Structures are given as structure tokens and as C-alpha cells.
Amino acid sequence: MSPAILNFIETCLNGLMAGVMYSLVALGFVLIFKASGIFNFAQGVMALFAALTLVGFQTGQVPFSHLINAIFGTDIHHWGGGMPTILAIVLAMGVMVLLAFLLERFVLKYLVNQEPIILFMATIGLAYFLEGLGDLMWGADIKRMDVGLPSGGSFWWEDLTRAWAPADADYYGMYIDTLDVSAAIIAAILVTGLTLFSQYTATGRALRAVADDHQAALSVGISLRRIWVIVWSLAGFVALVAGILWGAKSGVQFSLSLIALKALPVLILGGFTSIPGAIVGGLIIGVGEKLAEAYVGPLVGGAIENWFAYMLALAFLLFRPQGLYGEKIIERI
Amino acid sequence: MRLTKIATVAAVAAMMGAGPALADLVFPSLSYRTGPYAPNGIPFADGYADYLTLINERDGGVGGVKIDNPECETGYNTEKGVECYESTKNVGTGALIYQPLSTGITYQLIPKVTADGISLHSMAYGRTSAMNGKVFKWVFNYPANYWDGATIAVHHAADMEGGSLEGKSIALVYHNSAYGKEPIRTLEEMSKEMGFKLTLIPVDHPGQEQKSQWLQIRRERPDYVFMWGWGVMNSVAIQEAANIRYPMDHFIGIWWSGSEQDVLPAGDGANGYKSLNFTGVGTDYPVFDDIQKYVVDAGKAAGDGTNLGTVQYNRGMYAAMLAVEAAKKAQELAGHADINAAEMRDGMEALDVTDATLEALGMPGFGPTVSVDCANHGGSGAALVQQWDASAKTWNAVTEFMPSDRELVTKLAMEDSEAFAAENNIEPRACE
């Protein structure tokens, strides 16, 4: 194959991998929107908060140490050598569940039957609250996320694909980041797990019932409050996974919350209520923006992938306003 | 730390409401301790505040007059930065100097400070052509500017190639903003002059996803990559460079792409990465003993004392030192200690920080010498190249302070500033 074709394939592959990373963020939005009709503005900040908490536990940081030191005049920062990664992940997940419980107890409970815009505004408040809480608990400095996932280009893949080009071609082989491959495997496991959970467990069926019709679900004895805690916990879990993978790419820093911007075109394209939509939408956006950057970018000065993703999503909206997998809403007047 | 800040802000607010401030020399700090850029904003603000505290505690202020350092949180947001300027410019007897610490805020403040008669020091950022003091009477950007940085990076690359870049290639990975585009014109001129190929690779804000850009670099294999980045863009670029196994000693960032926060997330992969800097790093200077004694140990530090010696802390400290030295010069010229904003500007315009000055301040070799005059508000333009040692987690200077190509930089700055003057009906000063 000619290097030009191989480069095209490489761009598509890397686009697919980037798309998986976008899908991971989009999944959190979908879970909450599907079950409660809330567009969770705080999903990106939840990923940041989860990642901060995980690294904090992992490295043995004392939460609120700046606050404690300022009040009591102490000088504590760490409690010791930290803890094993797996334990830190479990504890971070515990914090996200606790957050879901507190959120339901102190915010959502009072907003039942409110307009969607009110719920949306509440999540904006939540985003600012969580960002401040994360800063207060763990500090604003950039932290390294190291949970043992591989990263860097795959030598094996490079060597394999180098042979696909003509012998006299100046070709280095295809590049693929092993972290992205890990993300794709994790995303596949996550989606399979979520699908099995929602299809084959009583709680999953209750979730789907609530998603279909709140009042009908309530009438058959399903606790809306319990379901909301579960859904927000699941979204917290997805945020933790996204935080780990994005944190491994860029370090855990406050701009991590901006990954939500990457999920929006995915949601527009895939629909707000479909888990497969989030995955397929992410893949289309990922490939589309990478191809645009590689082949159209040089013609117009580059750096077009951010807005191109939105353009692509909007173009889809012209033909399918509900998104690829979204539910078509028909209302009689 | 945060409570200390809140208390400080509350105290400043109380002073403003209660009556005249006690401190006479007002050096407001437009800082950002929150938001995505806080990891860089916090140590800079701490360094700035700690040096001023040192001067107050050890020397009793400047010429016997204490310095007031009201801090206002901008969050690196231009609108908030302008609000901060408006809310602090009349603190006490009036602000004497501003350090906006943001190119966006700097651009907004240039007409305001010019109208209000307050000096603006955009230290190695902001509008590069502000080095022309004939046009920008109230704006200073010493000791170096982005165009100086571009020429120094090119000359360092040329040194690595034995003196010539003929037939070589350089890719500029830049933040797709006014800041990131600053070096393009200079690099294009140098490309023609020195015979290297220049490839421009923009990255959109915030720069968390740069796969396309680094795939392009991997395919084109430029001999050098320069970076004009900020925030998360820096750490992602360094990680991606490590991922594609780009030779890190051929990857050179501007000074805003060269703090510990930029390299630490990439771990060992960042080893060998280079950046420009205009201050020394580490705490191996006598002044730090005084900061430890009079500021940190005395419980008067702006932070928790853990940032001392980091790139941004030292940079903030250096900025404060330049402000204090300008105030000393202003007092000398005015013949009295209680200087006003116009006199402070005169001091900045007569600033002369020599090696002997730095030695006397306990900062030998800490920064380039700075000599400012009516026409030249940009200082010497010198900077050094530092390299990251990932195992020791330290930056090490690999060059002395290198001069920039001031002939080229001045030529470009004159063109740009004269165009600005014509657009804004500014009559350039004579500077006889």
C-alpha cells in the first residue's frame, strides 16, 4: 500500500480511538438524561472531581489540608505513602456514591416535577460547587495520573504496519497510542456491563421503567429517589473512568472539566438517550474531526477539529433532529 | 492558604471602605488562584507577594515606605481582569504599577493605563511592540518579549546544528490565539534569512486533544519543534511528543511552556524537554534564606512555602524585584519617598539592573541585566535555555543568558508600533 493510503488509515484509526474517549464522557450525560431528563452540566466537573479524589487517595494526600493548616496552624499535607491503586479506585468510587446520595438528599429531592431548565440550572450550580470543593480538598496543582495503564506508541503495531508500505518508501509504520487501545477495551467492557445491568437486573429494569415514564414507575412502587441515587452513582462511576483515562493523557488539572465540551457534539449526533448512540456518535465525531484536521485543515490554516465536530453534528441534525439513536418525539396538539 | 487569601482580600476591602490605606506604595496583584490556569497563577502570585513582604519585613519597605499589595482574582478572565484593574486603581493613594499576567488583559488595559497614567508591566508577555517606548509611554515589557524568545530558540537550534539551520525544518506548535501567533512573523523572517523550513501547527484552546497535530509531526519529522502553549496544552503536547518518541532535546518551548506543571504529568517521558526562561530556577540564591526567615518562617508567606524555587514562583519574585527596584529609582529621581504613578513610571524608564545590583540583592545571575530608557521599554531581550531532568524533577540551565536578535526584533517592533500609533492617532515621543 502507498504511504498516503496508510496515513489515511492511521488517521481513521486514531480518530476512532479519540472518539472512544469522547464517548466515555458522553456516556455519563446519557445515563442521567435517560433516567431523569436532566442535562447534567456538571458531568465534566464530576470527572475532574473523581480523578482528583483518586489521585489524592493514591498519593496519600490529606483532604482539606490547606484549610486545616490555615485554621489550626498545622503543617500537614500527606498521611504517609498513599495506598494501592485498586483500593484508591474503590474509595474514589465510594466518594462518588456518597456524592450521589447527598445530591439526591439535599438537591434533587426538592426539585421533583420542576421544569427541566430548573434542573439544568441546579447542575450548573453543582458544577461550580464541585470545582470549588475539589480545589479545597485536593489543591489546584497539577497531579500525575498513574494507574498502571500503558501509554505511548505501540512498537508492535509500528513494526507490523511498516512492512505494508513499499520497501523503498520512507515510512515509519502506523502510530497508535496504547493508552487509547486500553480506553477502547475499557469502554467496551463498560458499555457491555451497563447494557447487561439495565437488561437483566431488577434494578436495571426499574431504571428503564423510570426512564420511560416517571409516574408509571412510581405507581408500581419503584422509588424514584433510590433510582436517582443509583443513576447518579453510575454517572459518577463513568466520570471516574473518564477522569482516569483523560487524566492519564493530560495530568489531573482543572481544565479536565472542559472535556465535557468534547461530549456535546457526540450527544447531538448520537442522541441524549441512547448508550449505543453515545458510542457510535463518538466514533463518527472522532474520525470526522481527525480527517477534517488532516485533509481540510492545511487548506484553511488548521485547528478546525473543534468547530468541525459541532458542524458535523449540526449537519446530522438537519436530517435526524433526534440524533442517530434518539427517540423520536411525536406530540399531538 | 485559601483562608489567608480570603482574609487578605477582606482586609483590603475593609481598608478601602474604612478610609485611607496605611501603605503608600500600592502594587496591586491581578492574580489567578482559581480555574484551569491556577497551577501557574498560584506560584507566580505567591512569589510576587512574598518578595514584597520580604521588602516590608526586612527593609521596612522601599525608602521607608511600606508596600501594599492588594490582590484581585481574575481567574485568567479578561473581563474580570479589567474589573480588577478598575477596583484596585484607586486603592490608598493610587496604584503605581500593574502586572496583569495575561496577554488578553494586557491588551484591554493598554488604553486604560494610558488614559489613567499608571504603568503597566507585562513582563515577557502582552503586546510585543510595546517595547517601543516612544509609542507606548505607559507600557513596559522588559526583560524580554516573544520575538526575542523566537530568535533565541532559533539561535539555540542553530548552535545545536553547528551554527547553521540551512535545509533544516522547524515546526511551531502554537496556541491558536493572539498569544500563540506572536512568534510567527519573526520565525518567517528568520526562515527566509537562515534557510530553514517553517511549518505552522495550530492547536485550538484548550488543547486537550492534539492527536492530529502530533501525527503530522510524526509524518513530517521536523528537526525541531517549538511550542507557544499555555495551560493544559503544554502538558498534553509534551506527553504526545514523548508518545511518538520525538527527541525531547529538540523540542523547545517558550517561557510560558516551561514550568514544572507542564512536564510533571508526562513523567519520565518529559526528560530532556527544553524551554526558555528569563530567571534562574531553584533556591540556590541568598535571597531565599531571607524569604525563608522573614516571610515563610514568620508565617507571612502568601502560600504554604512549598513553591519556593519553582519556575513560576521565581518569576513572580523577579517581577516584584523589578517593581521594587523601579520604585527605588523613582524615589531617587523624585527626591522623596512618597512617589506617585507618574514618578513610578519615570523610575521604570530609568531602571538599570546590573549584575552588581543582582549580586547586592542576593540574586547573583538570577536574571538578565535590565536597562530601560525612553525608547526601549523592552530591556535586553536575553533569556536562557533550561532542560528538564525527570529523574531529579528539576530544571537545569543549559546555556547562559543568550542575547536575542535585537536588530530584527527592533525592526519588527518599530513597524508594528508605528502602525499602532498611526491607527490610534498617537504622536510618538521624541526621546532625545
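1. Observations concerning the confidence of the model for chain B
Then, in step 1: Here chain B shows a mean pLDDT of 92. Residues at 70 or above account for 95%.
Then, in step 2: The low-confidence segment residues 1-22 of chain B, where pLDDT is below 50, has 23 contacts with residues more than four positions distant or belonging to other chains.

2. Examining the domain arrangement of chain B
Residue and element names in this part refer to chain B.
Then, in step 1: Looking at the assigned domains, one finds that chain B contains domain 1 (2-144 + 281-381) and domain 2 (146-277).
Then, in step 2: For domain 1 and domain 2, the distance between their C-alpha centroids amounts to 29 Å.
Then, in step 3: With 21 residues of domain 1 at the contact, the number on the domain 2 side is 18 residues.
Then, in step 4: Of the roughly 1,800 Å² buried between domain 1 and domain 2 on both sides combined, carbon and sulfur atoms contribute 54%.
Then, in step 5: Summed over the shared surface of domain 1 and domain 2, the result is zero salt bridges.
Then, in step 6: The tally of links between domain 1 and domain 2 comes to eleven residue pairs in polar contact (both at pLDDT 80 or more).
Then, in step 7: Secondary-structure elements contributing two or more residues to the side of domain 1 that touches domain 2 are helix H2 (38-59), helix H4 (103-116) and helix H12 (311-334).
Then, in step 8: With three residues, H12 is the single largest residue contributor to the side of domain 1 that touches domain 2.
Then, in step 9: Taken together, the residues of the side of domain 1 that touches domain 2 break down into twelve nonpolar, eight polar and one charged.

3. What to know about the state of the cysteines
All names here are of chain B.
Then, in step 1: The final tally for this structure, using the stated rule, is two disulfides over all chains.
Then, in step 2: Across the disulfide from Cys72 sits Cys84; the S-S distance is 2.0 Å. Disulfide Cys72-Cys84: torsion about the S-S bond near -70°, hence left-handed. With Cys72 in strand E4 (residues 71-73) and Cys84 in helix H3 (residues 78-88), this pair connects stretches of sequence that are twelve residues apart. Judged on exposure class, the residue Cys72 and its partner Cys84 are both buried.
Then, in step 3: Covalent S-S linkage joins Cys374 and Cys431, the inter-sulfur distance amounting to 1.8 Å. When the S-S torsion is -70°, as for the bridge of Cys374 with Cys431, the disulfide is left-handed. One end of the pair, Cys374, is in the loop between strand E14 (370-371) and strand E15 (384-389); the other, Cys431, is in the segment after helix H15 (406-423), with 57 residues separating them in the sequence.
Then, in step 4: Overall, the relative accessible area of 23% leaves Cys431 in the partly exposed class.
Then, in step 5: Going through chain B in sequence order and numbering each bonded cysteine, the pairs you get are 1-2, 3-4.

4. Notes on the pairing of E15(B)
Regular strands show a simple pattern: their side chains alternate between the two faces of the sheet.
Residue and element names in this part refer to chain B.
Then, in step 1: Two elements, strand E12 (residues 274-277) and E15, share four bridges in a ladder whose sense is antiparallel. The residue bridging Ser275 from the neighbouring strand is Gln386, located in E15.
Then, in step 2: The sheet contact formed by E15 and strand E16 (residues 394-397) spans four bridges and is antiparallel. Within E16, the residue paired with Gln386 across the bridge is Ala397.
Then, in step 3: Between the end of E15 and the start of E16, which pair antiparallel, lie four residues, with Lys393 showing a positive phi angle near 55°.

5. Description of the pattern of salt bridges
Residue and element names in this part refer to chain B.
Then, in step 1: Per the stated rule, a full pass over the model turns up 36 salt bridges over all chains.
Then, in step 2: Note that Glu189 and Arg185 form a salt bridge whose closest N and O atoms lie 3.6 Å from each other. Taken together, the residues span about one helical turn, with Glu189 and Arg185 both in helix H7 (residues 184-194) at a distance of four residues.
Then, in step 3: A residue is classified by how much of its surface remains accessible, and Glu189, at 17% relative accessible area, is buried.
Then, in step 4: With relative accessibility at 37%, the residue Arg185 sits in the partly exposed group.
Then, in step 5: One salt bridge connects Glu415 with Arg185, and the closest N-O pair in it is separated by 3.1 Å. Placement of Glu415 in helix H15 and of Arg185 in helix H7 is noted, with a sequence separation of 230 residues between them.

6. Some remarks on the side chain of Thr161(A)
Residue and element names in this part refer to chain A.
Then, in step 1: With respect to the helices and strands, the residue Thr161 is situated in helix H6 (residues 155-162).
Then, in step 2: Looking at Thr161, the relative accessible area reads 0%, which means it is buried.
Then, in step 3: Looking at Thr161, its side chain comes within polar contact range of the main-chain nitrogen of Met174, at 2.7 Å.
Then, in step 4: Look past the residues within four positions of Thr161 in its chain and what remains in contact with it is Leu6, Tyr171, Gly173 and Met174.

7. Description of the sheet that holds strand E7 (residues 139-140) of chain B
Residue and element names in this part refer to chain B.
Then, in step 1: In spatial order, the strands read E5-E6-E7; together these three strands make up an open sheet with parallel pairing. Only two strands of the sheet have a single neighbouring strand rather than two, namely strand E5 (97-98) and E7.
Then, in step 2: Relative to E7, strand E6 (residues 119-121) is paired through two bridges, and the arrangement is parallel. Within E7, the position partnered with His121 by the bridge is Phe140.

8. Topic: the sheet that holds strand E10 (residues 224-228) of chain B
Residues and elements named next belong to chain B.
Then, in step 1: If you trace the seven strands from one edge of the open sheet to the other, you get E9-E8-E10-E11-E12-E15-E16, paired in mixed fashion. Both outer strands of the open sheet, strand E9 (197-203) and E16, are each paired with one neighbouring strand and no more. The average undirected angle you get between the axes of adjacent strands in this sheet is 30°.
Then, in step 2: Across two bridges, the pairing between strand E11 (residues 251-253) and E12 is parallel. Residue Gly253 lies in a different strand from E12, and its bridge partner there is Ser275.
Then, in step 3: Lying on the sheet, helix H8 (residues 211-220) is in contact with strand E8 (169-175), E9, E10 and E11; it crosses E9 at an angle near 160°.
Then, in step 4: Sheet strands touched by helix H9 (residues 232-243): E8, E9, E10 and E11. Its angle to E10, the strand with the most contacts, is close to 165°.

9. Some points on the interface of chain B and chain A
Then, in step 1: Contacts between the two partners involve 40 residues from chain B, matched on the other side by 50 residues from chain A.
Then, in step 2: In terms of surface lost to chain A, no three residues of chain B exceed Gln208(B), Glu209(B) and Arg218(B), which account for 18% of the buried area on that side.
Then, in step 3: For the interface between chain B and chain A, the tally reads ten salt bridges.
Then, in step 4: For Asp170(A), the salt bridge goes to Arg221(B), with nearest N and O atoms at 3.2 Å.
Then, in step 5: For the interface between chain B and chain A, the tally reads 22 residue pairs in polar contact (both at pLDDT 80 or more).
Then, in step 6: Mapped by element, the contributors of at least two residues to the side of chain B that touches chain A are helix H1 (2-18), H2, E9, H8 and H9 of chain B.

Cut-offs used in this document
Residues numbered from 1 in each chain as written. Chains lettered and ligands numbered in written order. Predicted model: local features only at pLDDT ≥ 70, side-chain atom pairs only at ≥ 80, totals over all residues. Heavy atoms only, no water. pLDDT = per-residue confidence, 0-100. Contact = heavy atoms within 4.5 Å. Domains from an automatic or database assignment. Buried area = accessible area lost by both parts, 1.4 Å probe. Salt bridge = Lys/Arg side-chain N within 4 Å of Asp/Glu carboxyl O. Polar contact = N/O pair within 3.5 Å; in protein donor to acceptor, adjacent residues only side chain to side chain. Helix = DSSP H or I, 4+ residues; strand = E, 2+ residues; numbered from the N terminus. Nonpolar A, V, L, I, M, F, W, Y, C, P; charged D, E, K, R; others polar. Disulfide = S-S within 2.5 Å. Buried < 20%, exposed > 50% of the residue type's maximum accessible area, 1.4 Å probe, protein only. Pairing = 2+ DSSP bridges. Axes fitted to C-alpha atoms, helices over the stretch in contact; angles between N-to-C directions.

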